[in-house]
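Residue-level listing of the chains:
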Amino acid sequence: MSFELYVPTCIIGQAIVHRSQPALCYNSRNNRLSLSVKPGLRSVEVMGLGVFSDYVKRRVEGFLKRIEGGLSIQCSGPMHPMDALISTLHATLSAGLDGEVHGVSRMLRINYGRAKLTLRALKAKGVMAYREGERALNLQDYFPWRMGLALKPPFRFRLPRDEGLEESLDVIIHALGRLVVAAARSISDGDFKLFGRALERYSRISIALSGLPATMMRTHKLLNGLKGVACKVDEDFKGFMLFSEGEEELREALNAVGKMGFRVALLRC
């Protein structure tokens, strides 16, 4: 039994999409995932994800007992591990083992809206805007800049839930949603400077809300100050997404952050 599907990359908004706020994804058709079920085996192979292969392998092994066989996962190249993981589970569960979105979110212990965002983008092409409860909106066919990842254990990023401060949090979450809209406009206009400013403000608010250590704010400030690079806190893991108009500048930034102990990858896009 084999599957092949395209894996989108969540750009911004995945932490707030379940609060009726917008998010952006990009499906370039360069990120392909092939998954094969091997009857009789209880092993998992993950190839093509580079430094993130072990992470995806560990998470997939957690539900391997549900299927009669092992899994071989071949990715076309580095991609965001959470989006790759959600897509892998979706393909496996779609073989009749369970429901799709609810099954994925339950197994990964992530918010239903986060899983739904990636799964909604699986059939999209190009840059897509999405708000839970509304149809997906295709913005344009391509993402104009290069993307990279810098992640560091422990692999967790969380926005708070506090019933006593829910009204105040709603105001802040709405502000984050407006910054997603600003990022979408900058992509459509090809305005990298505006894109970087929107990401910077989004990241500063998110880091402050999430309770990540002060070192993350200092690292973000350093990376955001690199020439020709825009930096956003990663909303699935403890780390950052980096963007640049050119590959050379992005590689230099990834080399710099790699020396800080982060796992880095230049994403296919």
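Residues numbered from 1 in each chain as written. Predicted model: local features only at pLDDT ≥ 70, side-chain atom pairs only at ≥ 80, totals over all residues. Heavy atoms only, no water.

A. Quick look at the overall build of the chain. When helices and strands are tallied, the chain shows eight helices and 12 strands. Taking 2.2 N^0.38 as the reference for a compact globule, 269 residues should give roughly 18 Å; the C-alpha atoms of the chain span a radius of gyration of 18 Å, in line with that estimate. Principal-axis analysis of the C-alpha atoms gives the chain an extent of 50 × 45 × 35 Å. Each of the 269 residues in the chain was classed as buried or not, and the buried ones make up 54%. Carbon and sulfur atoms make up 49% of the accessible area of the chain, which amounts to about 12,000 Å² in all. Looking at the chain, you have 39 positive and 27 negative side-chain charges, and the mean spots of the two groups are 2 Å apart. (Helix = DSSP H or I, 4+ residues; strand = E, 2+ residues; numbered from the N terminus. Rg over C-alpha atoms; globule rule 2.2 N^0.38 Å. Buried < 20%, exposed > 50% of the residue type's maximum accessible area, 1.4 Å probe, protein only. Areas by Shrake-Rupley, 256 points an atom, 1.4 Å probe, with all protein chains shown as cover. Lys, Arg positive; Asp, Glu negative; His and termini not counted. Charge placed at Lys NZ, Arg CZ, Asp CG, Glu CD.)

B. Looking closely at the layout of surface pockets. Looking at the largest pocket, its volume works out to about 300 Å³. Lining the largest pocket are 15 residues, and of these Ala 15, His 18, Asn 111, Phe 157 and Arg 158 sit closest to its centre. The residue inventory of the lining of the largest pocket, partitioned by class, reads five nonpolar, three polar and seven charged. (1 Å grid on protein atoms, 1.4 Å probe; cavity = no way out; pocket = protein on both sides within 12 Å on 5 of 7 lines; lining within 4 Å. Points joined across faces, edges and corners; volume = space filled by probe spheres on them. Nonpolar A, V, L, I, M, F, W, Y, C, P; charged D, E, K, R; others polar.)

C. Quick peek at the environment of Ser 206. With respect to the helices and strands, Ser 206 occurs in helix H6 (residues 192-210). Using a relative accessible area of 1% as the deciding quantity, one classes Ser 206 as buried. For the pair Ser 206 and Val 233, spaced 27 residues apart in sequence, the C-alpha separation works out to 7.5 Å. Beyond its immediate stretch of four places on either side in the chain, Ser 206 contacts Phe 157, Leu 159, Leu 176 and Val 233. (Contact = heavy atoms within 4.5 Å.)

D. Expanded view of helix H7 (residues 214-224). Here H7 has its buried residues at Met 216, Thr 219, His 220, Leu 223 and Asn 224. One side of H7 carries all its buried residues, which in axial view fall inside an arc of 125°. Facing away from the buried side of H7, by more than 90 degrees, are the exposed residues Ala 214, Arg 218 and Lys 221. Buried positions along H7 lie against H6, strand S10 (229-233), strand S11 (239-244) and helix H8 (247-258). (Arc of directions from axis to C-beta.)

E. Region of interest: the confidence of the model for the chain. Averaged over all residues, the pLDDT of the chain equals 88, while 93% of them reach at least 70. Within the chain, strand S3 (residues 23-27) carries the highest mean pLDDT (97), whereas helix H3 (residues 101-108) carries the lowest (81). (pLDDT = per-residue confidence, 0-100.)

F. Looking closely at the sheet that holds strand S1 (residues 2-6). The mixed open sheet is built from four strands, whose spatial order is S1-S4-S6-S5. Since the sheet does not close on itself, it has two edges, and those belong to S1 and strand S5 (44-47), each with one partner. Neighbour to neighbour, the strand axes of the sheet diverge by 10° on average, direction disregarded. As paired strands, S1 and strand S4 (residues 32-38) are joined by five bridges and run antiparallel to one another. Residue pairing in the sheet places Leu 5 in a bridge with Leu 33 of S4. (Pairing = 2+ DSSP bridges. Axes fitted to C-alpha atoms, helices over the stretch in contact; angles between N-to-C directions.)

G. Representation of the packing of helix H2 (residues 81-93) against H3. H3 packs onto H2 with a crossing angle of 125° between their chain directions and a minimal axis gap of 9 Å. The angle between the axes of H2 and H3 places the two elements in the oblique class. As for how H2 packs across H3, the hand of that crossing is right-handed. Facing Met 82, Leu 85, Ile 86, Leu 89, His 90 and Leu 93 of H2, the residues of H3 in contact are Gly 103, Val 104, Met 107 and Leu 108. (Parallel < 35°, antiparallel > 145°, perpendicular 65-115°, else oblique. Left-handed = near helix turned anticlockwise from the far one by under 90°.)

H. Region of interest: the side chain of Gln 140. Secondary-structure assignment places Gln 140 in strand S8 (residues 137-140). A distance of 2.7 Å separates the side chain of Gln 140 from the backbone oxygen of Tyr 142, its partner in a polar contact. The residues touching Gln 140, leaving out its near neighbours within four places in the chain, are Lys 125, Gly 126, Val 127, Ile 187 and Ser 188. (Polar contact = N/O pair within 3.5 Å; in protein donor to acceptor, adjacent residues only side chain to side chain.)

I. Representation of the environment of Ala 84. Among the secondary structure elements, Ala 84 is positioned in helix H2. Of the residues examined, Ala 84 reaches a relative accessible area of 1% and is grouped as buried. The sequence separation of Ala 84 and Thr 219 amounts to 135 residues, and the corresponding C-alpha distance is 26 Å. The residues touching Ala 84, leaving out its near neighbours within four places in the chain, are Val 7, Leu 33, Leu 49 and Met 79.

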